[in-house]
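# Inside the fold
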Amino acid sequence: MAGFWNYPITNDECPGTVVAVGPAEQTVSPSWVVRAQSISSVTARPSNPFERFTPRLITVEDPPAQAEPEKPRSGTASDVSAKASTAGPPRQTLLDGLERVSSAEPQGSPGGGRRKKFLQLLNRPILDLNQLRKLSWSGIPPDVRPTVWKLLSGYLPANSDRRSAILERRRAEYRMSVDQHYPQRHDKAHAQMLHQIQVDVLRSTPTSLFAQEAAKQCFERLLFVFHVRHPGSGYVQGMNDLAVPFFTVFLSPYCGDDPEAINLSSVSPDVLAQVEADCYWCTAILIDRIQDYFTADRTGLQRQLKALEELVARIDKPLALHLSNFGVSYVQFAFRWMNCLLMRELPLGPIVRLWDAYLAETEGFGTLHLYTCAALMATFSQRIRSSNDLSDIMMFILNLPTQKWTQQDVAMLLAEGYRLKYSFEDAQSHIVV
(Lines give C-alpha, C1' and ligand atoms only; values in the text may rest on other atoms or scores of the structure.)
Protein backbone atom coordinates (compact mmCIF):
# COMPACT_ATOMS: atom_id res chain seq x y z
CA MET A 1 0.00 0.00 0.00
CA ALA A 2 1.32 3.42 -0.93
CA GLY A 3 2.46 5.68 1.87
CA PHE A 4 1.63 9.28 2.56
CA TRP A 5 2.37 11.75 -0.17
CA ASN A 6 5.58 13.50 0.71
CA TYR A 7 5.26 17.11 -0.36
CA PRO A 8 6.09 19.68 2.33
CA ILE A 9 3.98 22.82 2.26
CA THR A 10 5.13 26.12 3.65
CA ASN A 11 2.99 28.74 5.34
CA ASP A 12 2.94 31.05 2.35
CA GLU A 13 1.95 28.25 -0.01
CA CYS A 14 -1.02 26.79 1.77
CA PRO A 15 -2.67 28.67 4.61
CA GLY A 16 -5.92 27.03 5.50
CA THR A 17 -5.15 23.35 4.92
CA VAL A 18 -4.35 20.29 6.96
CA VAL A 19 -1.71 18.04 5.53
CA ALA A 20 -0.48 14.62 6.51
CA VAL A 21 3.28 14.80 6.32
CA GLY A 22 5.13 11.51 6.13
CA PRO A 23 7.32 9.31 3.99
CA ALA A 24 6.29 8.21 0.53
CA GLU A 25 7.68 4.71 1.12
CA GLN A 26 5.67 1.64 2.10
CA THR A 27 6.24 1.92 5.81
CA VAL A 28 4.42 4.16 8.26
CA SER A 29 6.39 6.86 9.98
CA PRO A 30 6.44 6.42 13.78
CA SER A 31 5.41 10.02 14.19
CA TRP A 32 2.51 11.26 12.12
CA VAL A 33 2.29 15.03 11.92
CA VAL A 34 -0.84 16.99 11.24
CA ARG A 35 -0.56 20.70 10.68
CA ALA A 36 -3.55 23.03 10.68
CA GLN A 37 -3.68 26.65 9.68
CA SER A 38 -6.47 29.18 9.34
CA ILE A 39 -8.72 29.13 6.31
CA SER A 40 -8.68 32.20 4.15
CA SER A 41 -9.88 33.24 0.73
CA VAL A 42 -7.31 33.16 -2.03
CA THR A 43 -8.61 35.75 -4.39
CA ALA A 44 -11.29 38.32 -4.99
CA ARG A 45 -13.83 37.97 -7.80
CA PRO A 46 -14.78 40.59 -10.35
CA SER A 47 -17.57 42.88 -9.19
CA ASN A 48 -19.51 42.00 -12.32
CA PRO A 49 -20.14 38.22 -12.44
CA PHE A 50 -21.04 38.39 -16.14
CA GLU A 51 -17.94 40.28 -17.20
CA ARG A 52 -16.58 38.68 -20.34
CA PHE A 53 -12.85 38.25 -20.80
CA THR A 54 -10.72 37.84 -23.86
CA PRO A 55 -9.80 34.23 -24.64
CA ARG A 56 -6.26 34.28 -23.29
CA LEU A 57 -5.08 31.19 -21.47
CA ILE A 58 -3.44 31.89 -18.14
CA THR A 59 0.25 31.17 -18.04
CA VAL A 60 2.38 30.94 -14.97
CA GLU A 61 4.81 33.40 -16.55
CA ASP A 62 2.27 36.19 -15.97
CA PRO A 63 3.69 38.13 -13.01
CA PRO A 64 0.93 38.26 -10.37
CA ALA A 65 1.88 41.74 -9.20
CA GLN A 66 2.05 43.16 -12.72
CA ALA A 67 -0.86 41.43 -14.42
CA GLU A 68 -3.29 43.86 -15.96
CA PRO A 69 -7.05 43.32 -15.80
CA GLU A 70 -8.70 42.11 -18.98
CA LYS A 71 -10.97 44.49 -20.83
CA PRO A 72 -14.60 43.48 -21.33
CA ARG A 73 -15.39 42.17 -24.77
CA SER A 74 -17.59 44.46 -26.77
CA GLY A 75 -21.07 43.39 -27.73
CA THR A 76 -24.62 43.69 -26.58
CA ALA A 77 -26.26 41.52 -23.94
CA SER A 78 -28.30 39.84 -26.65
CA ASP A 79 -25.11 38.96 -28.54
CA VAL A 80 -23.67 37.33 -25.42
CA SER A 81 -26.90 35.42 -24.77
CA ALA A 82 -27.11 34.22 -28.35
CA LYS A 83 -23.58 32.79 -28.18
CA ALA A 84 -23.94 31.24 -24.71
CA SER A 85 -25.35 27.92 -25.84
CA THR A 86 -22.23 27.19 -27.89
CA ALA A 87 -19.51 29.36 -26.41
CA GLY A 88 -19.97 28.55 -22.72
CA PRO A 89 -20.80 30.87 -19.83
CA PRO A 90 -20.78 34.64 -20.44
CA ARG A 91 -17.38 34.90 -18.77
CA GLN A 92 -14.56 33.68 -20.97
CA THR A 93 -13.52 30.29 -19.77
CA LEU A 94 -10.27 28.74 -18.63
CA LEU A 95 -8.97 25.72 -20.50
CA ASP A 96 -11.65 25.44 -23.18
CA GLY A 97 -15.00 25.84 -21.57
CA LEU A 98 -14.08 25.98 -17.89
CA GLU A 99 -14.28 28.91 -15.51
CA ARG A 100 -11.60 31.46 -16.28
CA VAL A 101 -9.34 32.32 -13.35
CA SER A 102 -7.35 35.51 -13.51
CA SER A 103 -3.64 35.09 -12.85
CA ALA A 104 -3.52 38.52 -11.24
CA GLU A 105 -3.37 38.50 -7.46
CA PRO A 106 -2.63 41.21 -4.92
CA GLN A 107 1.01 41.14 -3.89
CA GLY A 108 1.41 39.01 -0.79
CA SER A 109 -1.94 37.30 -1.35
CA PRO A 110 -2.29 34.25 0.96
CA GLY A 111 -2.05 30.92 -0.81
CA GLY A 112 -0.55 32.45 -3.93
CA GLY A 113 2.19 29.86 -4.23
CA ARG A 114 -0.23 26.99 -3.91
CA ARG A 115 -2.64 28.54 -6.40
CA LYS A 116 0.23 28.94 -8.84
CA LYS A 117 0.88 25.21 -8.62
CA PHE A 118 -2.72 24.52 -9.62
CA LEU A 119 -2.43 26.89 -12.58
CA GLN A 120 0.79 25.22 -13.69
CA LEU A 121 -1.00 21.88 -13.80
CA LEU A 122 -4.20 23.16 -15.37
CA ASN A 123 -2.40 24.89 -18.22
CA ARG A 124 -0.53 21.83 -19.41
CA PRO A 125 -1.70 20.39 -22.77
CA ILE A 126 -1.99 16.97 -21.11
CA LEU A 127 -2.97 17.24 -17.47
CA ASP A 128 -1.17 15.04 -14.94
CA LEU A 129 -4.16 13.76 -12.99
CA ASN A 130 -2.03 12.08 -10.36
CA GLN A 131 -0.32 15.35 -9.53
CA LEU A 132 -3.67 17.14 -9.52
CA ARG A 133 -5.05 14.59 -7.07
CA LYS A 134 -2.10 14.98 -4.72
CA LEU A 135 -2.37 18.75 -4.80
CA SER A 136 -6.16 18.72 -4.37
CA TRP A 137 -6.22 16.43 -1.36
CA SER A 138 -5.20 19.25 0.96
CA GLY A 139 -7.85 21.62 -0.37
CA ILE A 140 -8.53 23.44 -3.62
CA PRO A 141 -8.49 27.26 -3.98
CA PRO A 142 -12.11 28.39 -4.49
CA ASP A 143 -11.54 30.10 -7.83
CA VAL A 144 -10.12 26.98 -9.49
CA ARG A 145 -12.38 24.50 -7.69
CA PRO A 146 -15.10 24.32 -10.41
CA THR A 147 -12.47 23.46 -13.02
CA VAL A 148 -10.65 20.96 -10.81
CA TRP A 149 -13.84 19.17 -9.72
CA LYS A 150 -14.88 18.62 -13.34
CA LEU A 151 -11.48 17.15 -14.13
CA LEU A 152 -11.26 14.96 -11.02
CA SER A 153 -14.82 13.71 -11.58
CA GLY A 154 -13.86 12.50 -15.05
CA TYR A 155 -16.42 14.82 -16.62
CA LEU A 156 -13.67 16.44 -18.68
CA PRO A 157 -10.54 14.80 -20.11
CA ALA A 158 -6.90 15.41 -19.31
CA ASN A 159 -6.27 16.45 -22.91
CA SER A 160 -6.98 20.19 -23.08
CA ASP A 161 -7.59 20.11 -26.84
CA ARG A 162 -10.65 17.92 -26.39
CA ARG A 163 -12.35 19.76 -23.54
CA SER A 164 -14.36 22.35 -25.46
CA ALA A 165 -15.88 19.80 -27.81
CA ILE A 166 -16.71 17.37 -25.00
CA LEU A 167 -18.21 20.08 -22.82
CA GLU A 168 -20.38 21.32 -25.67
CA ARG A 169 -21.47 17.81 -26.58
CA ARG A 170 -22.34 16.87 -22.99
CA ARG A 171 -24.38 20.02 -22.46
CA ALA A 172 -26.21 19.50 -25.74
CA GLU A 173 -26.93 15.89 -24.83
CA TYR A 174 -28.41 16.95 -21.50
CA ARG A 175 -30.62 19.54 -23.21
CA MET A 176 -31.86 16.85 -25.58
CA SER A 177 -32.60 14.55 -22.63
CA VAL A 178 -34.59 17.29 -20.93
CA ASP A 179 -36.57 17.94 -24.11
CA GLN A 180 -37.21 14.23 -24.53
CA HIS A 181 -37.95 13.07 -20.99
CA TYR A 182 -39.03 16.00 -18.86
CA PRO A 183 -42.43 16.41 -20.59
CA GLN A 184 -43.20 12.86 -19.36
CA ARG A 185 -43.21 13.99 -15.73
CA HIS A 186 -46.98 14.41 -15.71
CA ASP A 187 -47.60 10.89 -17.01
CA LYS A 188 -49.42 8.69 -14.55
CA ALA A 189 -46.50 6.24 -14.46
CA HIS A 190 -44.17 8.97 -13.15
CA ALA A 191 -46.55 10.88 -10.87
CA GLN A 192 -45.41 9.27 -7.62
CA MET A 193 -41.72 9.68 -8.37
CA LEU A 194 -42.16 13.29 -9.46
CA HIS A 195 -43.91 14.02 -6.18
CA GLN A 196 -41.07 12.38 -4.22
CA ILE A 197 -38.47 14.45 -6.08
CA GLN A 198 -40.39 17.66 -5.43
CA VAL A 199 -40.68 16.88 -1.72
CA ASP A 200 -36.98 16.02 -1.42
CA VAL A 201 -35.89 19.17 -3.26
CA LEU A 202 -37.87 21.28 -0.81
CA ARG A 203 -35.96 19.59 2.04
CA SER A 204 -32.58 20.27 0.47
CA THR A 205 -30.12 22.69 2.01
CA PRO A 206 -29.14 25.47 2.01
CA THR A 207 -32.76 26.52 2.52
CA SER A 208 -32.10 30.02 1.17
CA LEU A 209 -31.08 28.51 -2.17
CA PHE A 210 -33.98 26.11 -2.47
CA ALA A 211 -36.48 28.77 -1.52
CA GLN A 212 -35.76 30.14 -5.00
CA GLU A 213 -37.96 28.79 -7.76
CA ALA A 214 -35.12 28.60 -10.28
CA ALA A 215 -33.14 26.23 -8.03
CA LYS A 216 -36.16 24.01 -7.44
CA GLN A 217 -36.82 23.78 -11.18
CA CYS A 218 -33.18 22.93 -11.96
CA PHE A 219 -33.15 20.11 -9.44
CA GLU A 220 -36.54 18.79 -10.45
CA ARG A 221 -35.37 18.56 -14.06
CA LEU A 222 -31.97 16.99 -13.45
CA LEU A 223 -33.26 14.46 -10.90
CA PHE A 224 -36.22 13.47 -13.07
CA VAL A 225 -34.02 13.08 -16.13
CA PHE A 226 -31.64 10.95 -14.05
CA HIS A 227 -34.58 8.81 -12.92
CA VAL A 228 -35.68 8.13 -16.49
CA ARG A 229 -32.20 7.59 -17.91
CA HIS A 230 -31.14 5.19 -15.12
CA PRO A 231 -33.92 2.61 -14.83
CA GLY A 232 -31.66 0.24 -12.89
CA SER A 233 -31.89 2.37 -9.77
CA GLY A 234 -34.06 5.31 -10.74
CA TYR A 235 -34.21 8.21 -8.36
CA VAL A 236 -33.60 7.30 -4.72
CA GLN A 237 -34.01 9.60 -1.74
CA GLY A 238 -30.69 11.19 -0.88
CA MET A 239 -29.58 11.71 -4.47
CA ASN A 240 -30.82 15.29 -4.24
CA ASP A 241 -28.24 15.93 -1.50
CA LEU A 242 -25.42 14.58 -3.65
CA ALA A 243 -26.13 17.12 -6.39
CA VAL A 244 -26.01 20.17 -4.09
CA PRO A 245 -22.20 20.53 -3.72
CA PHE A 246 -21.70 20.35 -7.48
CA PHE A 247 -24.46 22.89 -8.08
CA THR A 248 -23.13 25.45 -5.60
CA VAL A 249 -19.49 25.03 -6.62
CA PHE A 250 -20.29 25.43 -10.31
CA LEU A 251 -22.32 28.54 -9.49
CA SER A 252 -19.51 30.08 -7.44
CA PRO A 253 -17.84 31.95 -10.35
CA TYR A 254 -21.10 33.89 -10.76
CA CYS A 255 -22.51 34.04 -7.22
CA GLY A 256 -19.50 33.85 -4.92
CA ASP A 257 -18.28 31.16 -2.55
CA ASP A 258 -20.94 31.54 0.16
CA PRO A 259 -23.75 29.05 -0.65
CA GLU A 260 -26.08 30.84 1.74
CA ALA A 261 -25.75 34.04 -0.30
CA ILE A 262 -26.51 32.61 -3.74
CA ASN A 263 -29.04 34.74 -5.61
CA LEU A 264 -30.08 33.09 -8.86
CA SER A 265 -31.88 36.19 -10.08
CA SER A 266 -28.44 37.59 -10.93
CA VAL A 267 -27.54 34.56 -13.08
CA SER A 268 -28.57 34.51 -16.73
CA PRO A 269 -30.77 31.61 -17.93
CA ASP A 270 -28.04 30.43 -20.29
CA VAL A 271 -25.44 30.24 -17.54
CA LEU A 272 -27.88 28.51 -15.21
CA ALA A 273 -28.72 25.95 -17.91
CA GLN A 274 -25.03 25.14 -18.33
CA VAL A 275 -24.49 24.84 -14.58
CA GLU A 276 -27.49 22.51 -14.42
CA ALA A 277 -26.09 20.32 -17.21
CA ASP A 278 -22.62 20.14 -15.61
CA CYS A 279 -24.21 19.34 -12.25
CA TYR A 280 -26.27 16.54 -13.81
CA TRP A 281 -23.29 14.83 -15.39
CA CYS A 282 -21.02 15.08 -12.35
CA THR A 283 -23.78 13.82 -10.06
CA ALA A 284 -24.46 10.91 -12.42
CA ILE A 285 -20.75 10.02 -12.47
CA LEU A 286 -20.62 10.10 -8.67
CA ILE A 287 -23.71 7.92 -8.28
CA ASP A 288 -22.28 5.46 -10.78
CA ARG A 289 -19.21 5.07 -8.52
CA ILE A 290 -21.39 4.13 -5.54
CA GLN A 291 -24.21 2.56 -7.53
CA ASP A 292 -24.77 -0.32 -5.11
CA TYR A 293 -25.77 2.21 -2.45
CA PHE A 294 -28.97 2.77 -4.41
CA THR A 295 -30.00 -0.68 -5.64
CA ALA A 296 -33.16 -2.27 -4.30
CA ASP A 297 -31.33 -4.32 -1.65
CA ARG A 298 -28.85 -1.52 -0.81
CA THR A 299 -25.96 -3.99 -0.75
CA GLY A 300 -23.35 -1.23 -0.82
CA LEU A 301 -24.85 0.59 2.13
CA GLN A 302 -25.24 -2.61 4.12
CA ARG A 303 -21.59 -3.44 3.48
CA GLN A 304 -20.47 0.03 4.57
CA LEU A 305 -22.57 -0.10 7.75
CA LYS A 306 -21.11 -3.45 8.74
CA ALA A 307 -17.58 -2.26 7.96
CA LEU A 308 -18.10 0.88 10.05
CA GLU A 309 -19.32 -1.11 13.04
CA GLU A 310 -16.35 -3.46 12.80
CA LEU A 311 -13.91 -0.59 12.39
CA VAL A 312 -15.23 1.29 15.43
CA ALA A 313 -14.94 -1.91 17.46
CA ARG A 314 -11.30 -2.06 16.44
CA ILE A 315 -10.29 1.57 17.03
CA ASP A 316 -12.52 2.41 20.01
CA LYS A 317 -13.59 -0.73 21.88
CA PRO A 318 -15.13 1.15 24.87
CA LEU A 319 -17.41 3.09 22.50
CA ALA A 320 -18.38 -0.07 20.63
CA LEU A 321 -19.26 -1.84 23.89
CA HIS A 322 -21.26 1.15 25.12
CA LEU A 323 -23.33 1.27 21.93
CA SER A 324 -23.82 -2.49 22.05
CA ASN A 325 -24.93 -2.45 25.70
CA PHE A 326 -27.65 0.07 24.89
CA GLY A 327 -28.74 -1.73 21.75
CA VAL A 328 -27.78 1.06 19.36
CA SER A 329 -27.90 -0.14 15.77
CA TYR A 330 -25.65 1.56 13.24
CA VAL A 331 -28.45 1.56 10.70
CA GLN A 332 -30.29 4.05 12.93
CA PHE A 333 -27.77 6.81 12.27
CA ALA A 334 -25.00 5.70 9.90
CA PHE A 335 -27.41 4.82 7.11
CA ARG A 336 -27.88 8.56 6.58
CA TRP A 337 -24.13 9.18 6.90
CA MET A 338 -23.47 6.80 4.03
CA ASN A 339 -26.52 7.52 1.90
CA CYS A 340 -26.07 11.32 1.97
CA LEU A 341 -22.28 11.42 2.46
CA LEU A 342 -22.61 13.49 5.67
CA MET A 343 -24.56 16.22 3.88
CA ARG A 344 -27.05 16.27 6.77
CA GLU A 345 -24.34 16.31 9.44
CA LEU A 346 -22.05 19.12 8.26
CA PRO A 347 -22.49 22.65 6.87
CA LEU A 348 -22.11 22.96 3.12
CA GLY A 349 -18.82 24.89 3.26
CA PRO A 350 -17.00 22.11 5.15
CA ILE A 351 -18.71 19.53 2.91
CA VAL A 352 -17.10 21.17 -0.11
CA ARG A 353 -13.70 20.88 1.58
CA LEU A 354 -14.47 17.25 2.37
CA TRP A 355 -15.28 16.58 -1.28
CA ASP A 356 -11.98 18.12 -2.37
CA ALA A 357 -10.31 15.15 -0.69
CA TYR A 358 -12.94 12.61 -1.75
CA LEU A 359 -12.58 13.59 -5.41
CA ALA A 360 -8.80 13.46 -5.06
CA GLU A 361 -8.99 9.80 -3.97
CA THR A 362 -9.86 7.09 -6.47
CA GLU A 363 -12.19 5.53 -3.88
CA GLY A 364 -12.87 8.67 -1.90
CA PHE A 365 -16.65 8.39 -1.73
CA GLY A 366 -16.38 4.78 -0.67
CA THR A 367 -13.26 3.83 1.27
CA LEU A 368 -12.12 7.24 2.52
CA HIS A 369 -15.68 8.13 3.48
CA LEU A 370 -15.89 4.98 5.62
CA TYR A 371 -12.78 5.93 7.58
CA THR A 372 -13.92 9.55 7.86
CA CYS A 373 -17.17 8.35 9.45
CA ALA A 374 -15.16 6.24 11.87
CA ALA A 375 -13.09 9.30 12.75
CA LEU A 376 -16.32 11.23 13.32
CA MET A 377 -17.51 8.57 15.76
CA ALA A 378 -14.20 8.68 17.60
CA THR A 379 -14.36 12.48 17.80
CA PHE A 380 -17.49 12.31 19.94
CA SER A 381 -16.69 9.05 21.71
CA GLN A 382 -16.32 10.53 25.19
CA ARG A 383 -19.59 12.44 24.98
CA ILE A 384 -21.49 9.37 23.77
CA ARG A 385 -19.99 7.15 26.47
CA SER A 386 -20.88 9.67 29.16
CA SER A 387 -24.59 9.12 28.55
CA ASN A 388 -26.47 6.23 30.12
CA ASP A 389 -29.78 6.93 28.44
CA LEU A 390 -30.62 5.40 25.07
CA SER A 391 -32.78 8.27 23.92
CA ASP A 392 -30.08 10.79 24.84
CA ILE A 393 -27.44 8.78 22.98
CA MET A 394 -29.57 8.59 19.85
CA MET A 395 -30.57 12.24 20.03
CA PHE A 396 -26.94 13.28 20.29
CA ILE A 397 -25.70 11.09 17.42
CA LEU A 398 -28.55 12.18 15.15
CA ASN A 399 -27.89 15.84 15.95
CA LEU A 400 -24.12 16.12 16.25
CA PRO A 401 -22.83 19.57 17.32
CA THR A 402 -21.13 20.14 13.98
CA GLN A 403 -23.24 22.92 12.47
CA LYS A 404 -20.61 25.52 13.32
CA TRP A 405 -17.73 23.44 12.04
CA THR A 406 -15.30 25.14 9.69
CA GLN A 407 -13.20 23.85 6.83
CA GLN A 408 -10.32 23.57 9.29
CA ASP A 409 -12.39 21.23 11.50
CA VAL A 410 -13.16 19.05 8.50
CA ALA A 411 -9.52 19.07 7.44
CA MET A 412 -8.59 17.70 10.88
CA LEU A 413 -11.31 15.05 10.53
CA LEU A 414 -9.96 14.08 7.12
CA ALA A 415 -6.45 13.82 8.51
CA GLU A 416 -7.64 11.40 11.18
CA GLY A 417 -9.69 9.47 8.63
CA TYR A 418 -6.68 9.13 6.38
CA ARG A 419 -4.57 7.96 9.31
CA LEU A 420 -7.13 5.25 10.04
CA LYS A 421 -7.30 4.30 6.38
CA TYR A 422 -3.54 4.02 6.16
CA SER A 423 -3.41 1.92 9.34
CA PHE A 424 -6.34 -0.44 8.78
CA GLU A 425 -7.30 -0.64 5.11
CA ASP A 426 -5.17 -3.71 4.35
CA ALA A 427 -5.26 -5.15 7.87
CA GLN A 428 -7.57 -8.15 8.23
CA SER A 429 -7.45 -7.76 12.00
CA HIS A 430 -9.88 -4.84 11.93
CA ILE A 431 -12.60 -7.26 10.90
CA VAL A 432 -14.27 -8.34 14.12
CA VAL A 433 -15.95 -11.75 13.96
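Up top is the structure.
This write-up is about the structure you can find in this document.

Secondary structure summary: the chain contains 18 helices and four strands in total. Going through the 433 residues of the chain one by one, you find that 53% of them count as buried. Summarising the internal contacts of the chain: among those between residues at least 6 apart in sequence, 73% fall at separations of at least 24. Approximately 19,200 Å² of the chain is accessible, and the part contributed by carbon and sulfur atoms is 52%.

So, about the pattern of salt bridges. Opposite charge on two side chains permits them to pair, given that their charged atoms come into close proximity. A full pass over the atoms with the stated rule returns 17 salt bridges. The residue D143 makes a salt bridge to R115 at a minimum N-O spacing of 2.8 Å. Of the two residues, D143 is situated in the loop between helix 3 (129-137) and helix 4 (145-153) and R115 in helix 2 (residues 112-122); the sequence distance between them amounts to 28 residues. We classify R115 as buried; its relative accessible area is 1%. Residue D278 pairs with R171 through a salt bridge whose shortest N-O separation is 2.8 Å. Residue D278 is located in helix 10 (residues 269-289), and its partner R171 is located in helix 5 (residues 163-181); the two are separated by 107 residues in the primary sequence. For the pair formed by D278 and R171, the shared burial category is buried. Overlapping salt bridges, with partners in common, bring together K150, R171 and D278 in one network.

With that out of the way, let us pick up the environment of M395. The topology assignment puts M395 in helix 17 (residues 390-398). For M395 and F333, which are 62 residues apart along the polypeptide, the C-alpha to C-alpha distance reads 9.9 Å.

With that settled, the discussion passes to helix 8 (residues 213-229). Owing to its 3.6 residues per turn, the α-helix brings residues three or four apart onto one side. Taking 1.5 Å per residue as the helical rise, helix 8 with its 17 residues ought to reach 24 Å, and the 24 Å between its terminal C-alpha atoms agrees with that figure. Burial in helix 8 covers these residues: A215, C218, F219, E220, L222, L223, F224, V225, F226 and H227. Packing partners of the buried residues in helix 8 comprise helix 5, helix 6 (191-203), helix 7 (207-210), helix 9 (239-255) and helix 10.

Time to look at unusual backbone geometry. The phi angle of most residues is negative, glycine excepted, and most peptide bonds adopt the trans form. The linkage connecting T205 with the following residue, P206, adopts the cis geometry, with an omega of 5 degrees. Note that P206 resides in the loop between helix 6 and helix 7. Phi is positive for R298, close to 55 degrees, though the residue is something other than glycine. With respect to the helices, strands and loops of the structure, R298 is situated in the loop between helix 10 and helix 11 (299-315). R298 sits in the buried class, given a relative accessible area of 15%. At L342, a position not held by glycine, the phi torsion is positive, near 65 degrees. Looking at the element boundaries, L342 is found in the loop between helix 13 (334-339) and helix 14 (348-360).

Reading the values: the criteria
- Residues numbered from 1 in each chain as written.
- Predicted model: local features only at pLDDT ≥ 70, side-chain atom pairs only at ≥ 80, totals over all residues.
- Heavy atoms only, no water.
- Helix = DSSP H or I, 4+ residues; strand = E, 2+ residues; numbered from the N terminus.
- Buried < 20%, exposed > 50% of the residue type's maximum accessible area, 1.4 Å probe, protein only.
- Contact = heavy atoms within 4.5 Å.
- Areas by Shrake-Rupley, 256 points an atom, 1.4 Å probe, with all protein chains shown as cover.
- Salt bridge = Lys/Arg side-chain N within 4 Å of Asp/Glu carboxyl O.
- Expected span 1.5 Å × (residues − 1).

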